[in-house]
Amino acid sequence: MKERLRDIINAVRDDAIDYFINSDDLPEVINNGLDMVLSESAALLFSGILGAALPRVNAVISNYKQHRFERHVRKTLQIMMSRIESIENNYSELNEEIQEKYRGVYAEWLLDSLDDEPQEEKIPYYVNGYINLMNNEVNDNLMLMYFNTITQMTNLDIEVLKMYD
(Lines give C-alpha, C1' and ligand atoms only; values in the text may rest on other atoms or scores of the structure.)
Protein backbone atom coordinates (compact mmCIF):
# COMPACT_ATOMS: atom_id res chain seq x y z
CA MET A 1 0.00 0.00 0.00
CA LYS A 2 2.85 2.39 0.81
CA GLU A 3 4.37 1.75 -2.62
CA ARG A 4 1.08 2.57 -4.34
CA LEU A 5 0.75 5.78 -2.34
CA ARG A 6 4.36 6.66 -3.22
CA ASP A 7 3.56 6.07 -6.92
CA ILE A 8 0.56 8.41 -6.71
CA ILE A 9 2.57 11.10 -4.91
CA ASN A 10 5.41 10.84 -7.43
CA ALA A 11 2.98 11.04 -10.33
CA VAL A 12 1.18 14.09 -8.92
CA ARG A 13 4.25 15.93 -7.61
CA ASP A 14 6.04 16.31 -10.94
CA ASP A 15 2.94 17.40 -12.82
CA ALA A 16 1.77 19.79 -10.09
CA ILE A 17 5.13 21.57 -9.92
CA ASP A 18 5.35 21.73 -13.71
CA TYR A 19 1.78 23.01 -13.93
CA PHE A 20 2.23 25.84 -11.43
CA ILE A 21 5.60 26.90 -12.82
CA ASN A 22 4.90 26.65 -16.54
CA SER A 23 1.14 26.97 -16.78
CA ASP A 24 -0.32 29.32 -19.34
CA ASP A 25 -3.77 28.24 -18.19
CA LEU A 26 -3.38 29.25 -14.54
CA PRO A 27 -4.07 32.98 -15.06
CA GLU A 28 -7.14 32.07 -17.07
CA VAL A 29 -8.40 29.80 -14.28
CA ILE A 30 -7.80 32.56 -11.72
CA ASN A 31 -9.64 35.05 -13.93
CA ASN A 32 -12.49 32.60 -14.26
CA GLY A 33 -12.53 32.29 -10.46
CA LEU A 34 -12.73 36.03 -10.10
CA ASP A 35 -15.52 36.15 -12.68
CA MET A 36 -17.47 33.68 -10.58
CA VAL A 37 -17.02 35.73 -7.44
CA LEU A 38 -17.83 38.96 -9.23
CA SER A 39 -20.48 37.83 -11.69
CA GLU A 40 -21.70 34.50 -10.27
CA SER A 41 -20.62 32.75 -13.46
CA ALA A 42 -20.05 29.27 -12.04
CA ALA A 43 -20.35 27.55 -15.41
CA LEU A 44 -17.48 29.58 -16.83
CA LEU A 45 -15.22 28.77 -13.87
CA PHE A 46 -16.14 25.12 -14.01
CA SER A 47 -15.32 24.90 -17.71
CA GLY A 48 -12.01 26.72 -17.15
CA ILE A 49 -11.01 24.38 -14.35
CA LEU A 50 -11.98 21.30 -16.33
CA GLY A 51 -10.17 22.56 -19.40
CA ALA A 52 -6.98 23.09 -17.41
CA ALA A 53 -7.27 20.01 -15.19
CA LEU A 54 -8.21 17.22 -17.60
CA PRO A 55 -4.84 17.01 -19.36
CA ARG A 56 -3.16 17.02 -15.95
CA VAL A 57 -5.45 14.29 -14.62
CA ASN A 58 -4.61 12.16 -17.64
CA ALA A 59 -0.89 12.75 -17.04
CA VAL A 60 -1.24 11.82 -13.36
CA ILE A 61 -3.04 8.59 -14.24
CA SER A 62 -0.42 7.74 -16.86
CA ASN A 63 2.41 8.42 -14.43
CA TYR A 64 0.77 6.29 -11.75
CA LYS A 65 0.36 3.39 -14.19
CA GLN A 66 3.98 3.76 -15.29
CA HIS A 67 5.23 3.63 -11.69
CA ARG A 68 3.02 0.61 -10.96
CA PHE A 69 4.29 -1.17 -14.08
CA GLU A 70 7.91 -0.47 -13.10
CA ARG A 71 7.23 -1.88 -9.62
CA HIS A 72 5.68 -5.00 -11.17
CA VAL A 73 8.66 -5.50 -13.46
CA ARG A 74 11.08 -5.15 -10.53
CA LYS A 75 9.13 -7.78 -8.59
CA THR A 76 9.04 -10.06 -11.65
CA LEU A 77 12.80 -9.78 -12.08
CA GLN A 78 13.37 -10.51 -8.39
CA ILE A 79 11.30 -13.69 -8.65
CA MET A 80 13.09 -14.72 -11.84
CA MET A 81 16.50 -14.12 -10.27
CA SER A 82 15.55 -16.33 -7.34
CA ARG A 83 14.64 -19.09 -9.80
CA ILE A 84 17.44 -18.51 -12.30
CA GLU A 85 18.74 -22.10 -12.17
CA SER A 86 15.31 -23.49 -13.01
CA ILE A 87 14.93 -20.99 -15.85
CA GLU A 88 18.36 -21.83 -17.26
CA ASN A 89 17.68 -25.58 -17.07
CA ASN A 90 14.27 -25.30 -18.73
CA TYR A 91 15.54 -22.87 -21.37
CA SER A 92 18.51 -25.06 -22.33
CA GLU A 93 16.10 -27.95 -23.06
CA LEU A 94 14.09 -25.90 -25.56
CA ASN A 95 14.55 -26.11 -29.31
CA GLU A 96 15.77 -22.95 -31.02
CA GLU A 97 12.34 -21.89 -32.30
CA ILE A 98 10.77 -22.02 -28.82
CA GLN A 99 13.81 -20.29 -27.30
CA GLU A 100 13.26 -17.43 -29.74
CA LYS A 101 9.61 -17.17 -28.68
CA TYR A 102 10.61 -17.05 -25.00
CA ARG A 103 13.11 -14.29 -25.73
CA GLY A 104 10.57 -12.39 -27.82
CA VAL A 105 6.84 -12.74 -27.98
CA TYR A 106 6.31 -14.72 -24.75
CA ALA A 107 8.35 -12.20 -22.74
CA GLU A 108 6.27 -9.41 -24.33
CA TRP A 109 3.05 -11.17 -23.37
CA LEU A 110 4.29 -11.54 -19.81
CA LEU A 111 5.05 -7.81 -19.65
CA ASP A 112 1.70 -6.95 -21.27
CA SER A 113 -0.05 -9.00 -18.58
CA LEU A 114 1.81 -7.11 -15.85
CA ASP A 115 0.99 -3.72 -17.33
CA ASP A 116 -2.60 -3.37 -16.13
CA GLU A 117 -2.54 -5.89 -13.29
CA PRO A 118 -4.08 -4.24 -10.22
CA GLN A 119 -3.26 -7.14 -7.86
CA GLU A 120 0.48 -7.26 -7.30
CA GLU A 121 0.05 -10.54 -5.39
CA LYS A 122 -0.65 -12.31 -8.71
CA ILE A 123 2.78 -11.57 -10.18
CA PRO A 124 4.34 -14.82 -8.90
CA TYR A 125 1.63 -16.75 -10.77
CA TYR A 126 2.48 -15.04 -14.04
CA VAL A 127 6.17 -15.82 -13.54
CA ASN A 128 5.46 -19.38 -12.40
CA GLY A 129 3.48 -20.09 -15.57
CA TYR A 130 6.12 -18.46 -17.76
CA ILE A 131 8.79 -20.73 -16.23
CA ASN A 132 6.77 -23.94 -15.88
CA LEU A 133 5.37 -23.77 -19.41
CA MET A 134 8.94 -23.62 -20.70
CA ASN A 135 8.98 -26.86 -22.72
CA ASN A 136 8.99 -27.87 -26.37
CA GLU A 137 5.24 -28.60 -26.39
CA VAL A 138 4.23 -25.05 -25.51
CA ASN A 139 2.44 -23.05 -28.20
CA ASP A 140 1.12 -19.53 -28.60
CA ASN A 141 -2.46 -20.49 -27.72
CA LEU A 142 -1.45 -22.23 -24.50
CA MET A 143 0.72 -19.31 -23.39
CA LEU A 144 -1.96 -16.73 -24.20
CA MET A 145 -4.63 -18.79 -22.49
CA TYR A 146 -2.52 -19.05 -19.35
CA PHE A 147 -1.80 -15.32 -19.13
CA ASN A 148 -5.42 -14.41 -19.94
CA THR A 149 -6.72 -16.81 -17.30
CA ILE A 150 -4.50 -15.35 -14.58
CA THR A 151 -5.48 -11.84 -15.68
CA GLN A 152 -9.20 -12.64 -15.42
CA MET A 153 -8.92 -14.32 -12.04
CA THR A 154 -8.85 -12.39 -8.80
CA ASN A 155 -6.51 -13.17 -5.96
CA LEU A 156 -9.51 -14.59 -4.10
CA ASP A 157 -10.25 -16.96 -7.01
CA ILE A 158 -6.69 -18.27 -6.81
CA GLU A 159 -6.90 -18.76 -3.05
CA VAL A 160 -10.15 -20.70 -3.40
CA LEU A 161 -8.55 -22.96 -6.02
CA LYS A 162 -5.62 -23.57 -3.67
CA MET A 163 -8.05 -24.76 -0.97
CA TYR A 164 -9.23 -27.53 -3.30
CA ASP A 165 -5.71 -28.56 -4.38
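Residues numbered from 1 in each chain as written. Predicted model: local features only at pLDDT ≥ 70, side-chain atom pairs only at ≥ 80, totals over all residues. Heavy atoms only, no water.

Some words on the overall build of the protein chain
Here comes step 1: From N to C terminus, the protein chain includes 9 helices and 0 strands.
Here comes step 2: Nonlocal contacts in the protein chain, meaning residues at least 24 apart in sequence, comprise 73% of its contacts between residues at least 6 apart. (Helix = DSSP H or I, 4+ residues; strand = E, 2+ residues; numbered from the N terminus. Contact = heavy atoms within 4.5 Å.)

Topic: the side chain of His 72
Here comes step 1: In this fold, His 72 is placed in helix α3 (residues 42-82).
Here comes step 2: Sequence-distant contacts of His 72, defined by excluding residues within four places in its chain, comprise Leu 114, Glu 117, Glu 120 and Ile 123.

Some details on the packing of aromatic side chains
Within a pair of aromatic rings, the relevant descriptors are the distance that separates the centres and the angle that separates the planes.
Here comes step 1: Applying the stated criterion across every chain, the model contains 5 aromatic pairs.
Here comes step 2: Considering the side-chain rings of Tyr 106 and Trp 109, the 5.4 Å spacing of their centres and the 40° angle between planes classify their relative orientation as tilted. With Tyr 106 and Trp 109 both in helix α6 (residues 105-115), this residue pair falls 3 residues apart, about one helical turn.
Here comes step 3: Plain terms: the ring middles of Tyr 146 and Phe 147 are 6.0 Å apart, the flat faces sit at 65° to each other, and that makes the pair edge-to-face.
Here comes step 4: Of the aromatic side chains, those joined through ring pairs into one cluster are Tyr 102, Tyr 106, Trp 109 and Tyr 130. (Phe/Tyr/Trp six-rings, centres within 6.5 Å; stacked < 30°, edge-to-face > 60°.)

Re the packing of helix α5 (residues 96-103) against α6
Here comes step 1: At a closest axis distance of 3 Å, the pairing of α5 and α6 adopts a crossing angle of 30°. In terms of orientation, α5 and α6 fall into the roughly parallel class. Contacts from Lys 101, Tyr 102 and Arg 103 in α5 reach Val 105, Tyr 106 and Ala 107 in α6.
Here comes step 2: For the contact of α5 with α6, the per-class residue count stands at 4 nonpolar, no polar and 2 charged. (Axes fitted to C-alpha atoms, helices over the stretch in contact; angles between N-to-C directions. Parallel < 35°, antiparallel > 145°, perpendicular 65-115°, else oblique. Nonpolar A, V, L, I, M, F, W, Y, C, P; charged D, E, K, R; others polar.)

Let's talk about the side chain of Gln 99
Here comes step 1: Counting through the fold element by element, Gln 99 comes out in helix α5.
Here comes step 2: A distance of 3.4 Å separates a polar side-chain atom of Gln 99 from the backbone oxygen of Leu 94. (Polar contact = N/O pair within 3.5 Å; in protein donor to acceptor, adjacent residues only side chain to side chain.)

Quick look at the nonpolar core
Here comes step 1: In this structure, Tyr 102, Tyr 106, Leu 110, Tyr 130, Val 138, Met 143 and Phe 147 are the most contacted members of the largest nonpolar core, which totals 25 residues.
Here comes step 2: At the level of elements, α3, α5, α6, α7 (123-132) and α8 (140-152) are the ones that each hand at least two residues to this core.
Here comes step 3: In terms of residue count, α7 provides more of this core than any other element does, 6 residues in total.
Here comes step 4: For Tyr 102, the contacting residues outside a window of four places in its chain are Tyr 91, Leu 94, Ala 107, Tyr 130, Leu 133, Met 134, Asn 135, Val 138 and Met 143. (Core = buried A, V, L, I, M, F, W, Y, C linked by side-chain atoms within 4.5 Å. Buried < 20%, exposed > 50% of the residue type's maximum accessible area, 1.4 Å probe, protein only.)

Looking at the layout of surface pockets
Here comes step 1: Counted as a void, the largest pocket has a volume near 160 Å³.
Here comes step 2: Considering the residues around the largest pocket, the lining is formed by 14 residues, among which Asp 112, Ser 113, Glu 117, Phe 147 and Thr 151 are closest to the centre.
Here comes step 3: At the level of elements, α6 and α8 are the ones that each hand at least two residues to the lining of the largest pocket.
Here comes step 4: For the lining of the largest pocket, the leading source of residues is α8, giving 4 residues. (1 Å grid on protein atoms, 1.4 Å probe; cavity = no way out; pocket = protein on both sides within 12 Å on 5 of 7 lines; lining within 4 Å. Points joined across faces, edges and corners; volume = space filled by probe spheres on them.)

What to know about the confidence of the model for the protein chain
Here comes step 1: Confidence along the protein chain averages 81 in pLDDT terms, with 67% of residues attaining 70 or more.
Here comes step 2: Every residue in residues 36-40 is under pLDDT 50, and counting partners more than four places away or in other chains gives 4 contacts. (pLDDT = per-residue confidence, 0-100.)

Describing a nonpolar patch on the surface
Here comes step 1: A grouping of Leu 156, Val 160, Met 163 and Tyr 164 is seen on the molecular surface, where their side chains present a nonpolar patch of about 500 Å² in accessible area.
Here comes step 2: By the element assignment, Tyr 164 lies in the segment after α9 (155-163).
Here comes step 3: Judged by relative accessible area, which is 67%, Tyr 164 ranks as exposed. (Patch = residues over 30% accessible without salt bridge, like charges linked within 9 Å, V, L, I, M, F, W, Y side chains within 5 Å. Areas by Shrake-Rupley, 256 points an atom, 1.4 Å probe, with all protein chains shown as cover. Salt bridge = Lys/Arg side-chain N within 4 Å of Asp/Glu carboxyl O.)

Quick word on the pattern of salt bridges
Here comes step 1: Applying the stated criterion across every chain, the model contains 6 salt bridges.
Here comes step 2: The closest approach of N and O atoms between Asp 140 and Lys 101, which form a salt bridge, is 2.8 Å. Of this pair, Asp 140 sits in helix α8 while Lys 101 sits in helix α5, and the two are 39 residues apart along the sequence.
Here comes step 3: The closest approach of N and O atoms between Lys 122 and Glu 117, which form a salt bridge, is 3.3 Å.
Here comes step 4: Of the residues examined, Lys 122 reaches a relative accessible area of 1% and is grouped as buried.
Here comes step 5: A residue is classified by how much of its surface remains accessible, and Glu 117, at 2% relative accessible area, is buried.

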